[in-house]
Amino acid sequence: MENSIKNLSDTIIGLTRSSDKKYKEGDFKGSLEDKLKVRSLLKSNSCDKNIKDILKKELSRLYNSKFDLIYDHKKRINDQKRSKIINLLENKSKDKYKTGDFKGAIKALRRSEKYQ
């Protein structure tokens, strides 16, 4: 059981890093596809809180910025408002994906992750 959890967390971290690399290289569609795979793995029954915590640490490492306005804003808003913003950004990402705007879709999805 522990080995399968380790494999799942390695897969999620690998896909997250791959998505970030593709994003920086300008492959927005590939980045979005990797990010959507991560999201589906996170929603699976085998994903637990420890894996989500590991992912959160990895995202904070990847998105580390000296001037992060989202981080400052996140500290000032309550959980209900944060949840509303995340849903708005995820819906925006889905809409942009449907229209073929992969760059806009991945940007909105990455921004929603910063609020989590």
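You'll find the structure just up there.
A quick note: this is a predicted structure, and the numbers were derived from the prediction, not measured. (Residues numbered from 1 in each chain as written. Predicted model: local features only at pLDDT ≥ 70, side-chain atom pairs only at ≥ 80, totals over all residues. Heavy atoms only, no water.)

Further remarks concern the pattern of salt bridges. Counting across every chain of the model gives seven salt bridges. The residue lysine 35 makes a salt bridge to glutamate 113 at a minimum N-O spacing of 3.0 Å. Of this pair, lysine 35 sits in helix H2 (residues 28–42) while glutamate 113 sits in helix H6 (residues 102–114), and the two are 78 residues apart along the sequence. Classification of lysine 35 as buried rests on a relative accessible area of 2%. Aspartate 79 is the salt-bridge partner of arginine 82, the closest N and O atoms lying 3.2 Å from each other. With arginine 82 and aspartate 79 both in helix H5 (residues 79–99) and three residues apart, this pair spans about one turn of that helix. Residue classification places aspartate 79 among the exposed positions, given a relative accessible area of 57%. Ionic contacts of the salt-bridge type, sharing partners, join the residues Asp20, Lys24 and Arg110 into one network. (Salt bridge = Lys/Arg side-chain N within 4 Å of Asp/Glu carboxyl O. Helix = DSSP H or I, 4+ residues; strand = E, 2+ residues; numbered from the N terminus. Buried < 20%, exposed > 50% of the residue type's maximum accessible area, 1.4 Å probe, protein only.)

On the secondary structure map, serine 9 appears in helix H1 (residues 2–25). On the basis of relative accessible area, serine 9 is assigned to the buried category, the value being 8%. Spatially, the C-alpha atom of serine 9 lies 9.5 Å from that of leucine 41, the residues being 32 residues apart in sequence. Excluding anything up to four places from it in sequence, serine 9 contacts Ile51 and Ile54. (Contact = heavy atoms within 4.5 Å.)

With respect to the helices, strands and loops of the structure, leucine 109 is situated in helix H6. Exposure remark for leucine 109: the relative accessible area of 4% places this residue in the buried category. A sequence separation of 16 residues divides leucine 109 from serine 93, and the C-alpha atoms of the two residues are 5.8 Å apart. The residues contacting leucine 109, other than those within four sequence positions of it, are Leu32, Lys35, Leu36, Arg39, Glu90 and Ser93.

A few words now on the environment of aspartate 79. Separated by 37 residues in sequence, aspartate 79 and glutamine 116 place their C-alpha atoms 9.7 Å apart. A polar atom in the side chain of aspartate 79 sits 3.2 Å from the side chain of arginine 82. (Polar contact = N/O pair within 3.5 Å; in protein donor to acceptor, adjacent residues only side chain to side chain.)

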